Amino acid sequence: MLEPLLLTVTKIQTFAGDNHLTNATGFFFERERRLFLVTSRHVLVDEPTGHRPDRIQIELHTNSENLARSTGFSILLYRGGISIWRQGEDKSGSIDVGVIELERDELPDTAVITPFAPQNIPGPGAQPEIGSALLVVGFPLGFHDTLHHMPVVRHAIIASSFGLRFQGNGYFLADGRTHRGTSGAPVVMRLADDQRASDNLPYYLLGIHSARIDLGTRDLQIDEALGLNCTWYADILMTLTEA
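Right, let's walk through the structure included here. (Residues numbered from 1 in each chain as written. Predicted model: local features only at pLDDT ≥ 70, side-chain atom pairs only at ≥ 80, totals over all residues. Heavy atoms only, no water.)

## Points about the packing of aromatic side chains
Then step 1. Summed over all chains, the structure comprises seven aromatic pairs.
Then step 2. Plain terms: the ring middles of phenylalanine 27 and phenylalanine 116 are 5.6 Å apart, the flat faces sit at 90 degrees to each other, and that makes the pair edge-to-face. Placement of phenylalanine 27 in strand S2 (residues 19-31) and of phenylalanine 116 in the loop between strand S9 (93-102) and strand S10 (133-138) is noted, with a sequence separation of 89 residues between them. The pair phenylalanine 27 / phenylalanine 116 is uniform in exposure class, with both members buried.
Then step 3. Plain terms: the ring middles of phenylalanine 172 and tyrosine 233 are 5.2 Å apart, the flat faces sit at 45 degrees to each other, and that makes the pair tilted. Of this pair, phenylalanine 172 sits in strand S12 (residues 171-176) while tyrosine 233 sits in strand S15 (residues 228-233), placing them 61 residues apart in sequence. Here the two residues phenylalanine 172 and tyrosine 233 agree in accessibility, since each one is buried.
Then step 4. Through a chain of ring-to-ring contacts, three or more aromatic side chains come together here, namely Phe162, Phe172 and Tyr233.
Then step 5. In this arrangement the basic side chain of arginine 55 is found over the ring face of phenylalanine 15, its NZ or CZ atom lying 4.2 Å from the centre. (Phe/Tyr/Trp six-rings, centres within 6.5 Å; stacked < 30°, edge-to-face > 60°. Helix = DSSP H or I, 4+ residues; strand = E, 2+ residues; numbered from the N terminus. Buried < 20%, exposed > 50% of the residue type's maximum accessible area, 1.4 Å probe, protein only. Lys NZ or Arg CZ within 6 Å of the ring centre and 35° of its normal.)

Okay, structure coming up:
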């Protein structure tokens, strides 16, 4: 049987008109029967690089018995010149998370989706330890199972104290190998059977992968990349999905 975790995510392609720009990762989040697509904000717009797509396309499975069947679903990013996604800020600036509410009646009737839910987000009493094992589910460099349209999973660990805002920002660090295309991927921690966060998904949704961290002072000829990544805390979703 297919693990439901693999159906929480979707491949994202960004477009300007008919021109394909980039690949990324998104995942589904459900709150009070409202369905959302979550990804990194810089997938939707990135002012420093001039990245300004006007639409995205996500891939949806359409047959639970035959995962080779899927369809593309296009989402316009602006209505009347106004962006449709929700984004947040805190005292340190913009949060690199974007959320788009999806209209269920516009999705294919047979769409196969397994969304995360608020109960997957750890509460104040949950404190994952530093060094805890993580999974990052996504499409690195766009790579995936092209027959069954499935993502791949990479290992990582918590690399900074969970619950502390690293250098005052709304993220913690994860140590793991990531690539372009992983932006917007869910970062999760597997739970023991007696800690199940939900019936379908025995995982904590700890955060949203944003980007790799590098040092401007690193000698590119001598020093290896740090291999550390910004992971924005998932509790921002409780703010961005409020009615």
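## Brief notes about the pairing of strand S4 (residues 55-61)
Then step 1. Burial analysis of S4 places five of its seven residues in the buried class, the great majority of the element.
Then step 2. As paired elements, strand S1 (residues 9-16) and S4 share four bridges and run antiparallel to each other. Pairing of glutamine 13 across the sheet is with glutamine 57, part of S4.
Then step 3. As paired elements, S4 and strand S5 (residues 70-76) share seven bridges and run antiparallel to each other. For arginine 55, the partnering residue across the bridge sits in S5 and is leucine 76. (Pairing = 2+ DSSP bridges.)

## A look at the sheet that holds S9
Then step 1. Spatially, the seven strands line up as an open sheet ordered S5-S4-S1-S2-S3-S9-S8, and their pairing is antiparallel. Edge strands, defined here as strands with exactly one partner in the open sheet, are S5 and strand S8 (86-90). Ignoring which end each strand starts from, the neighbouring axes of this sheet average 35 degrees apart.
Then step 2. The sheet contact formed by strand S3 (residues 34-39) and S9 spans five bridges and is antiparallel. Counterpart to leucine 35 in the pairing with S9 is leucine 102. (Axes fitted to C-alpha atoms, helices over the stretch in contact; angles between N-to-C directions.)

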